[in-house]
Amino acid sequence: QVQLVESGGGLVQAGDSLRLSCAVSGRTFSRHAMGWFRQAPAKEREFVSGISWSGTTTYVDSAAGRFTMSRDNAKNTVYLQMNNLKPEDTAVYYCALDERYMRNAPSAATEYSSWGQGTQVTVSS
């Protein structure tokens, strides 16, 4: 059974940085695309970033240039380095795994079959 466990969230000030981690177990991690999503109160879950099985990354426009997603296949972990955080980045951040093999990372939440429990990121102004 696949498990995804996020960590690294917290309360920071605008302009600060955070690095989120998502540890995956129960799958041959290196074959799967991964995604980061976020959900703010009273808003729909939003795609933030994705990384293909081969390491190609994609970002939502609001994150491009500030966020960097990476993967360490030896550690079965993906990361989201978030720099120059803004109050509008405040949300619960979720990582997700696409069960299909060797694909680019989709941006639709419905394409992902496994999710972590989420980690809260709060950015104060």
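Residues numbered from 1 in each chain as written. Predicted model: local features only at pLDDT ≥ 70, side-chain atom pairs only at ≥ 80, totals over all residues. Heavy atoms only, no water.

On to the nonpolar core, then. Across soluble globular proteins, nonpolar side chains have a tendency to be buried as a group. Ranked by size, the top nonpolar core spans 26 residues in total, and within it Met34, Trp36, Leu80, Met82 and Tyr93 carry the most contacts. Mapped by element, the contributors of at least two residues to this core are β3 (18–25), β4 (32–39), β5 (46–51), β7 (67–72), β8 (77–82), β9 (91–101) and β11 (119–124). By size, the runner-up hydrophobic cluster in this structure holds six residues, among which are Ala33, Phe47, Ala105 and Tyr112. (Core = buried A, V, L, I, M, F, W, Y, C linked by side-chain atoms within 4.5 Å. Buried < 20%, exposed > 50% of the residue type's maximum accessible area, 1.4 Å probe, protein only. Helix = DSSP H or I, 4+ residues; strand = E, 2+ residues; numbered from the N terminus.)

Before going further, it helps to spend a moment on unusual backbone geometry. Although it is not a glycine, Asn76 adopts a positive phi angle of roughly 55 degrees. Within the secondary structure layout, Asn76 lies in the loop between β7 and β8. The backbone of Asn84 shows a phi angle near 50 degrees, a positive value even though the residue is not glycine. With respect to the helices and strands, the residue Asn84 is situated in the loop between β8 and β9. A residue is classified by how much of its surface remains accessible, and Asn84, at 42% relative accessible area, is partly exposed.

On to the pattern of salt bridges, then. Applying the stated criterion to the full structure yields seven salt bridges. The salt bridge partner of Arg66 is Asp89, with a shortest N-O separation of 2.8 Å. Residue Arg66 is located in the loop between β6 (57–59) and β7, and its partner Asp89 is located in the loop between β8 and β9; the two are separated by 23 residues in the primary sequence. With a shortest N-O distance of 3.5 Å, Asp98 and Arg103 are connected by a salt bridge. The exposure class assigned to Arg103 is partly exposed, which follows from its relative accessible area of 33%. A single network of salt bridges, built from pairs that share partners, joins Arg38, Glu46, Arg66 and Asp89. (Salt bridge = Lys/Arg side-chain N within 4 Å of Asp/Glu carboxyl O.)

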